[in-house]
Amino acid sequence: MGSREASPATIFCFLLLFFLGCKCLASELKATQTAELKVDASPQLARHIPDTLFGIFFEEINHAGAGGIWAELVSNRGFEAGGPHTPSNVDPWSIIGDDSSIFVATDRTSCFSRNTVALRMEVLCDNCPAGGVGIYNPGFWGMNIEDGKTYNLVMYVKSPETVELTVSLTSSDGSQNLASATILVSGASNWTKLEQKLVAEGTNRTSRLQITTNKKGVVWFDQVSLMPSDTYKGHGFRTELISMMLDLKPRFLRFPGGCFVEGEWLRNAFRWRESIGPWEERPGHFGDVWHYWTDDGLGYYEFLQLSEDLGAAPIWVFNNGISHNDEVDTAAIAPFVKDVLDSLEFARGSAESTWGSVRAAMGHPEPFPVKYVAIGNEDCGKKFYRGNYLKFYNAIREAYPDIQMISNCDASSGPLDHPADLYDFHVYTDSKTLFWMKNTFDGSSRNGPKAFVSEYAVWRSDAGRGSLLASLAEAAFLTGLEKNSDIVWMASYAPLFVNNNDQTWNPDAIVFNSWQQYGTPSYWMQTLFRESSGALIHPITIISSYSGSLAASAITWQDSENSFLRVKIVNFGSDAVSLTISATGLQARVNTAGSTVTVLTSGNVMDENSFSNPNKVVPVKSQLPNAAEQMQVMLSPHSFTSLDLALAQSELVAEM
Ligand code: AHR
């Protein structure tokens, strides 16, 4: 066999690969940077981080509430979404049958005075099709009906003649029947409340609720609700989404917005008073900033209940008479002030007080501990902000001296011209800017109001739909907030939730549809800060020529059994770093047993999670084999590393 000679093309390819290979090798070698991180854990230099530092901001945006954490499966349950003028659009309700068999229209005959629209269904057929004719509701992009689970149907019906109604849960085209029941409605001239449990015999993620009949005649419907029986604590919240909130151990819950609180126009802003009391009587409203209707089953009371269920301090953001496009003159703001005082009495008043008694009647005689309120959202520059602000501030201070009030005006770089306990700080920017903003509060005055960073996130091209890159910059920013937590008292990512079918705002921390959910890297990043609230923070020093790409912090925190020195380091750069960590001043030895390292990283800095790959970028935790007061760790490029060094318990006890 003769040997084959390499062609010039083959030689060229070989040389190219060789040089590329050398270059890669060289850059890999060059890429490894070194750094030293020194922690001074001596008690005299440690400082308490406020218990409230990390919490969550829930806004009714992206169908986060309606079609989200609020488990109601029927969309537009009161037929009010089309407005008060009839006939009106009943979307997403639709008809089973055709023009010859059924005529459906809204009218204003409801038994509820604040939401008067009802649905009149006239069955025209003598010999109706076998399955009957009627109406169906697909919920919010399909209902998640699961095998063996119970669903509670409540609806108000009026029928002059006795009629048999079939209520069923079916697939989106009606072909698969998952649950069904027949209800006999006695003929009467008044409305009747009907309740029916439906137990699913099959799973379908995009189901619908059907109400059908074979009998000619007229039936009215109103306030049709379908709730799964297994909501969180029976309080109406979708359990899996609540558990993702609980995993953040939020210390506060800021609600219900954001711009949702303001409205494009005041007439469409969130009104707490319209969102309390029996659900059937709530009028619902169209949120004109995020462009969707809410039945307001998730109302002011439910937000307070949610805070309690999460163990988070409620932060009520109220409308201060200002929307995006119109404002109430300070001269006419008094009724708005009175309205807010009533909302506080509703939350905090005794069960005998006017508004406290309404709360008690809803099932919560104990007051809700509202200690913080925000006077508006992003309204600082508006014409009547200061005037209105002072009216609210003075009235609340007088009635509730312990309530901490949050101004919309930024005091991070200069004093405010009005009194405030805290000021709101919002930032949405690119990753490099946010990384460097870790130093934002270093130069802020230590004497003025405290900062509430109530909305922060990397957005636009750096964020994709929730990238690793975004989460790294955010982590760096949060290390800066920890260090400045003598004046930064609270921080929350925004927005928290997005229903994948209505992404008005991108990115968001938790993505869901009717039955699935996952956290973006920004969500997972936050889980590595959940132990910081109430912990001790220690000074650190980073020595490295690469320090411009690094951010870090060190805290001591405790779980129910152990104490840990936690060192968190963001490597924002594309080089690997060999990091030497040393801790001095510790009051106890570092124990290898129980020490762990958790890393959030991925092969590509723009990697994201998705429904098909929800765990692509998640923290990976492992034992730390050689934990010690001085140790070396390797930081991957583009990574967030959290080391928990277990401190010898017996020595800590001996110290005390
Ligand atoms: O988080 C989304 C929006 O961003 C909020 O509604 C608003 O406060 C901010 O502009």
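Just above, that's the structure.
Here the structure is a predicted model, which means the values were calculated and not measured. (Residues numbered from 1 in each chain as written. Predicted model: local features only at pLDDT ≥ 70, side-chain atom pairs only at ≥ 80, totals over all residues. Heavy atoms only, no water.)

Some words on the site of the ligand
Logical step 1: Taken together, Glu-59, Gly-258, Cys-259, Trp-290, Asn-377, Glu-378, His-426, Tyr-428, Glu-455, Ala-494, Pro-495 and Trp-505 make up the full set of residues near the ligand.
Logical step 2: In this structure, an oxygen atom belonging to the ligand sits 2.8 Å away from a main-chain N or O atom of Cys-259.
Logical step 3: Between the ligand and Glu-455 there is a distance of 2.7 Å, counted from an oxygen atom to a side-chain nitrogen or oxygen.
Logical step 4: Computed on the free molecule, the ligand has an accessible area of 280 Å², of which 94% lies beneath the protein chains in the complex.
Logical step 5: A class-by-class count of the residues in the shell around the ligand yields 6 nonpolar, 3 polar and 3 charged. (Near = heavy atom within 4 Å. Polar contact = N/O pair within 3.5 Å; in protein donor to acceptor, adjacent residues only side chain to side chain. Areas by Shrake-Rupley, 256 points an atom, 1.4 Å probe, with all protein chains shown as cover. Nonpolar A, V, L, I, M, F, W, Y, C, P; charged D, E, K, R; others polar.)

What to know about the packing of helix α5 (residues 334-348) against helix α6 (residues 354-361)
Logical step 1: Taken N-terminus to C-terminus, the directions of α5 and α6 make an angle of 50 degrees; their axes are 7 Å apart at the nearest point. Relative to α6, the element α5 lies oblique. At the point where α5 passes α6, the crossing takes the right-handed sense. Together, Asp-342, Glu-345, Phe-346, Ala-347 and Arg-348 of α5 and Thr-354, Trp-355, Gly-356, Val-358 and Arg-359 of α6 make up the contact between the two elements.
Logical step 2: Within the contact of α5 with α6, the residues separate by chemical class into 4 nonpolar, 2 polar and 4 charged. (Axes fitted to C-alpha atoms, helices over the stretch in contact; angles between N-to-C directions. Helix = DSSP H or I, 4+ residues; strand = E, 2+ residues; numbered from the N terminus. Parallel < 35°, antiparallel > 145°, perpendicular 65-115°, else oblique. Left-handed = near helix turned anticlockwise from the far one by under 90°. Contact = heavy atoms within 4.5 Å.)

Here we look at the pattern of salt bridges
Logical step 1: Applying the stated criterion to the full structure yields 28 salt bridges.
Logical step 2: Between Arg-77 and Glu-72 there is a salt bridge, with its nearest N and O atoms 2.7 Å apart.
Logical step 3: When its relative accessible area of 4% is taken as the criterion, Glu-72 is described as buried.
Logical step 4: For the salt bridge of Glu-531 with Arg-530, the shortest nitrogen-to-oxygen distance reads 3.4 Å.
Logical step 5: Three or more residues joined by partner-sharing salt bridges are found here, namely Lys-249, Arg-530, Glu-531, Arg-566 and Asp-644. (Salt bridge = Lys/Arg side-chain N within 4 Å of Asp/Glu carboxyl O. Buried < 20%, exposed > 50% of the residue type's maximum accessible area, 1.4 Å probe, protein only.)

A closer look at the sheet that holds strand β12 (residues 192-199)
Logical step 1: Spatially, 5 strands are ordered β5-β6-β14-β9-β12 in an open sheet, and the strand pairing comes out antiparallel. Edge strands, defined here as strands with exactly one partner in the open sheet, are β5 (102-107) and β12. For this sheet, the mean inter-axis angle between neighbouring strands, taken without regard to orientation, is 30 degrees.
Logical step 2: Sheet topology places strand β9 (residues 150-158) next to strand β14 (residues 217-228); 7 bridges connect them, and they run antiparallel. The residue bridging Asn-152 from the neighbouring strand is Met-227, located in β14. (Pairing = 2+ DSSP bridges.)

Looking at the environment of Ala-627
Logical step 1: By the secondary structure assignment, Ala-627 is in the loop between β33 (620-623) and β34 (630-635).
Logical step 2: Here Ala-627 falls in the buried class, since its relative accessible area comes to 7%.
Logical step 3: Taking the C-alpha atoms as reference points, Ala-627 and Gly-594, 33 residues apart in sequence, are found 9.3 Å from one another.
Logical step 4: Apart from the residues within four sequence positions on either side, Ala-627 is in contact with Val-590, Asn-591, Thr-592, Ser-595 and Leu-645.

Considerations on α5
Logical step 1: Look at α5: 21 Å from first C-alpha to last across 15 residues, which is about the 21 Å you get at 1.5 Å a residue.
Logical step 2: All of the buried residues in α5 are Val-337, Asp-339, Val-340, Asp-342, Ser-343, Leu-344, Phe-346 and Ala-347.
Logical step 3: Buried positions along α5 lie against α4 (300-310), β18 (313-318), α6, β19 (372-375) and α7 (385-399). (Expected span 1.5 Å × (residues − 1).)

A short note on the packing of aromatic side chains
Logical step 1: Throughout the structure, instances matching the rule amount to 37 aromatic pairs.
Logical step 2: Geometrically, the ring pair formed by Phe-529 and Phe-640 is stacked, given 5.7 Å between the ring centres and 25 degrees between the ring planes. Of this pair, Phe-529 sits in the loop between α10 (521-527) and β27 (536-538) while Phe-640 sits in strand β35 (residues 639-647); the two residues are 111 residues apart in sequence, bridging distant segments of the chain.
Logical step 3: The class for Phe-529 is buried, based on a relative accessible area of 1%.
Logical step 4: The residue whose ring lies beneath Lys-158 is Trp-220, and the NZ or CZ to ring-centre distance is 4.5 Å.
Logical step 5: Lying across the ring of Tyr-136, Arg-208 places its NZ or CZ 3.8 Å from the centre. (Phe/Tyr/Trp six-rings, centres within 6.5 Å; stacked < 30°, edge-to-face > 60°. Lys NZ or Arg CZ within 6 Å of the ring centre and 35° of its normal.)

A look at the nonpolar core
Logical step 1: Membership of the largest hydrophobic core comes to 119 residues, with the highest contact counts inside it found for Tyr-300 and Phe-497.
Logical step 2: Among the elements that make up this core, the one with the highest residue count is helix α9 (residues 468-483) (10 residues).
Logical step 3: Contact partners of Phe-497, with chain neighbours within four places excluded, come to Phe-58, Ile-61, Asn-62, Ala-64, Ile-69, Leu-241, Met-245, Asp-508, Ile-510 and Phe-512.
Logical step 4: Within the second largest apolar cluster, 39 residues are counted, among which are Val-90, Cys-125, Met-155 and Val-219. (Core = buried A, V, L, I, M, F, W, Y, C linked by side-chain atoms within 4.5 Å.)

What to know about the state of the cysteines
Logical step 1: Across all of its chains, the model carries 2 disulfides by this definition.
Logical step 2: Each sulfur of the disulfide joining Cys-125 and Cys-128 lies 2.0 Å from the other. Judged by the sign of its S-S torsion, about 95 degrees, the cystine formed by Cys-125 and Cys-128 is right-handed.
Logical step 3: Ordinal numbering of bonded cysteines along the chain defines a disulfide pattern of 1-2, 3-4. (Disulfide = S-S within 2.5 Å.)

Describing α7
Logical step 1: Look at α7: 21 Å from first C-alpha to last across 15 residues, which is about the 21 Å you get at 1.5 Å a residue.
Logical step 2: Those residues of α7 that fall on the buried side of the exposure criterion are Tyr-385, Asn-388, Tyr-389, Phe-392, Tyr-393, Ala-395 and Ile-396.

Quick look at the side chain of Gln-305
Logical step 1: Checked against the element boundaries, Gln-305 lands in helix α4.
Logical step 2: Look at Gln-305 and you get buried, because its relative accessible area is 5%.
Logical step 3: Polar contacts involving the side chain of Gln-305 include one to the side chain of His-235, which spans 3.5 Å.
Logical step 4: Non-local contacts of Gln-305, meaning those with residues more than four positions away in its chain, are made with His-235, Phe-237, His-364 and Phe-368.

Observations concerning the environment of Glu-262
Logical step 1: Its place among the elements puts Glu-262 in helix α3 (residues 259-262).
Logical step 2: Put simply, Glu-262 and Gly-287 are 25 residues apart on the chain and 9.5 Å apart in space, counted from C-alpha to C-alpha.
Logical step 3: For Glu-262, the residues in contact, after removing those within four places along its chain, are Ala-269, Asn-319, Ile-322, Ser-323, His-324, Asn-377, Glu-378, Asp-379 and Lys-382.
Logical step 4: Here Asn-377 takes part through its side chain, which lies 3.0 Å from a polar atom of the side chain of Glu-262.

What about the sheet that holds strand β31 (residues 577-584)?
Logical step 1: The sheet built from 4 strands is open, its strands ordered β28-β1-β31-β34 with mixed pairing. Edge positions in the open sheet fall to β28 (540-543) and β34, since each of these has one partner strand only. Geometrically, the sheet is characterised by an average inter-axis angle of 20 degrees between neighbouring strands, direction not taken into account.

Some points on the packing of helix α2 (residues 239-246) against α4
Logical step 1: It is at 10 Å that the axes of α2 and α4 come closest, and there the two elements cross at 60 degrees. Comparing their axes, α4 and α2 come out oblique. Both α2 and α4 take part in a crossing whose hand is right-handed. Seen from α2, the contacting residues are Ile-242, Met-245 and Leu-246; seen from α4, they are Leu-306, Asp-309 and Leu-310.
Logical step 2: Its residues assigned to classes, the contact of α2 with α4 comprises 5 nonpolar, no polar and 1 charged.

Everything listed here is a matter of coordinates, which is why it stays silent on function.
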